[in-house]
Amino acid sequence: MSTISGMTGFGRGEGAGGAWTWSVEARSVNGRNLEVRFRGPPGFDSLERAAKASAQRHFTRGQITVGVQAKRADPGAAALKVNDDILARYLTLANQLAQDGAAPPSADGLLALRGVLETPEEEEDPDARAAVEAAMAASIDAAFDALRTSRDREGAQLLPVVEAFVERIEVLVARAETEAAAQVEAIRDRFTRRMTELAPDAPGLADRIFLEAAALATKADVREELDRLTAHLASARQLLRQPPAGRKLDFLMQEFMREANTLCSKSATTALTGIGLELKAVIEQLREQVQNVE
């Protein structure tokens, strides 16, 4: 059975090919949509496109940062070349200074002068370069696989927390249903008491009390709100088994809060109002946890 994933995690990949070695690190944090930021070695511009395409295959939400660090093997001292022109200029200057009494230059001193030794630029075969880029892209995929595992692990820890809040909301809805059933009688008793105090001898008082109390009870009827809250609970449980569900859960939290607000505004008893306020607090806590769901 599929379950939810989180949006926070870390993954790593590495590899080697030709004269190159490299490492890849991928990190992600919460985000409303999928956003990929890439940092790579100079000259490997195509890797950014590969990283973004791979991220879209692996994830649907989150801010993801991908970094690729690459190093080319040192060609070594055998590849060093002496720049004869620059060396000749240094020797000419050294001979002039020697005529004035300066000590003659040493070989190691001359070789240490700037520009005397050069490392020739090695032309990289285009096919070899393409093979290295493809291998780096594979390492990016491997880092994303590890990041996926890390985010799934976070989701496994997050699921029981979210389910606990859903169960708490279900308990509060059941309490609200019990309290709402007694709300009509409470409204009638309150209205009867006030009318009797204000106009005890008014003709047709009983009929008037009945009609007015019925109208007030209709306005205070919260059965629709409670029915919708029950339906939202069923939707939440279903979404938790059908990832990725983060965006849909975000929207569902708004619907939960809308019904809880209406429940509070319609409440005619302090007990039901208290339940409604507690319900809003739990929904807000659930909303905070849902922000972590992919």
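Everything here concerns the structure above.
Every residue gets a number counted from 1 within its own chain, in the order that chain's sequence is written. Two thresholds apply to this predicted model, a pLDDT of at least 70 for residue-level local features and 80 or more for giving and counting side-chain atom pairs, whereas whole-chain, interface and lining totals are computed over all residues. No hydrogens and no water enter the side-chain calculation; it runs on all heavy atoms of the structure.

Next up on the list: unusual backbone geometry. Of note, the bond from Pro243 into Pro244 is cis; its omega dihedral lies within 30 degrees of zero at -5°. Starting at the N terminus, helices and strands are each numbered in turn, a helix being any DSSP run of H or I of at least four residues and a strand any DSSP run of E of at least two. Looking at where Pro244 falls in the secondary structure, it is placed in the loop between helix H7 (223–239) and helix H8 (246–266).

Interhelical geometry of helix H4 (residues 126–181) versus helix H9 (residues 270–290) gives an angle of 165° and a closest axis separation of 10 Å. Taken together, H4 and H9 sit at an angle that is classed as roughly antiparallel. Between H4 and H9 lies a crossing whose hand is left-handed. Contacts from Leu158, Val161, Val162, Phe165, Val166, Arg168, Ile169, Leu172, Arg175, Ala176 and Glu179 in H4 reach Ala271, Leu272, Ile275, Glu278, Leu279, Val282, Ile283, Gln285, Leu286 and Gln289 in H9. Classifying every residue of the contact of H4 with H9 by side-chain character gives 15 nonpolar, 2 polar and 4 charged. Axes here refer to lines fitted to C-alpha atoms; in helices the fit is confined to the stretch in contact. Angles between the N-to-C directions go from 0 to 180 degrees. Just so you know how the angles are binned, under 35 degrees is roughly parallel, over 145 roughly antiparallel, 65 to 115 roughly perpendicular, and the rest oblique. Each crossing gets its hand from how the near helix is turned against the far one by less than a right angle, where anticlockwise is left-handed and clockwise is right-handed. Any two residues having at least one pair of non-hydrogen atoms within 4.5 Å are treated as being in contact. Charged residues are taken to be Asp, Glu, Lys and Arg, nonpolar residues to be Ala, Val, Leu, Ile, Met, Phe, Trp, Tyr, Cys and Pro, and polar residues to be all remaining types, Gly included.

Attention now moves to the pattern of salt bridges. In the sections that follow, a salt bridge refers to a side-chain nitrogen of Lys or Arg positioned within 4 Å of a carboxyl oxygen of Asp or Glu. The final tally for this structure, using the stated rule, is 21 salt bridges. The salt bridge involving Glu163 is made with Arg241; its shortest N-O contact spans 2.7 Å. On the criterion of sequence distance, the pair formed by Glu163 in helix H4 and Arg241 in the loop between H7 and H8 is long-range, its members being 78 residues apart. The classification of residues rests on relative accessible area computed with a 1.4 Å probe and restricted to protein chains. Under 20% of the type maximum is buried, over 50% is exposed, and intermediate values are partly exposed. For Glu163, a relative accessible area of 23% puts it in the partly exposed group.

Our focus in this paragraph is the sheet that holds strand E3 (residues 34–39). We treat two strands as partners when DSSP finds at least two bridges between them. Overall, mixed pairing links the 4 strands, which are arranged E1-E2-E4-E3 in an open sheet. Of all strands in the sheet, those with a lone pairing partner are strand E1 (9–17) and E3, marking the two edges. On average, each strand axis in the sheet is tilted by 15° relative to the strand beside it, whichever way the strands run. Two elements, E1 and strand E2 (residues 20–29), share 9 bridges in a ladder whose sense is antiparallel. Bridge pairing in E2 links Gly13 to Val24.

Structurally, Asp141 is set in helix H4. Each C-alpha atom, one on Asp141 and one on Arg12, is 9.5 Å from the other, the two residues being 129 residues apart in sequence. If we skip the residues at most four places from it in the chain, Asp141 touches Ser54, Arg57 and His58. Among the polar contacts listed, one links the side chain of Asp141 to the side chain of Arg57, at a separation of 3.4 Å. N or O atoms closer than or at 3.5 Å make up a polar contact, with two conditions inside protein: a donor-capable atom paired with an acceptor-capable one, and, for residues adjacent in sequence, both atoms drawn from side chains.

Before going further, it helps to spend a moment on the side chain of Ser267. Tracing the sequence through the fold places Ser267 in the loop between H8 and H9. Among the polar contacts made by the side chain of Ser267, one reaches the main-chain carbonyl oxygen of Thr269 at a distance of 2.8 Å. Not counting chain neighbours up to four residues away, the residues in contact with Ser267 comprise Gln183, Leu272 and Thr273.

Below, the discussion takes up the packing of aromatic side chains. Aromatic rings from Phe, Tyr and Trp, with only the six-membered ring used for Trp, were paired whenever their centres fell within 6.5 Å, and each pair was classed as stacked if the ring planes differed by under 30 degrees, edge-to-face if by over 60, and tilted otherwise. Per the counting criterion, the structure on display carries 2 aromatic pairs. Taking 5.2 Å as the distance between ring centres and 85° as the angle between the ring planes, the aromatic pair formed by Trp20 and Phe44 counts as edge-to-face. With a gap of 24 residues between them, Trp20 in strand E2 and Phe44 in the loop between E3 and helix H1 (46–58) connect regions that are remote in the sequence. When its relative accessible area of 2% is taken as the criterion, Phe44 is described as buried. Where Phe59 meets Phe144, the ring centres are 5.7 Å apart and the plane angle is 90°; that geometry is what we call edge-to-face. Here Phe144 lies in helix H4 and Phe59 lies in the loop between H1 and strand E4 (62–72), a separation of 85 residues in the sequence. Overall, the relative accessible area of 2% leaves Phe59 in the buried class. Residue classification places Phe144 among the buried residues on the basis of a relative accessible area of 0%. Definition used: whenever NZ (Lys) or CZ (Arg) falls within 6 Å of the ring centre and also within 35 degrees of the ring normal, the charge is taken to sit over that ring. Here Arg129 stacks its cationic end above the ring of Phe44, 4.0 Å away from the centre of that ring.

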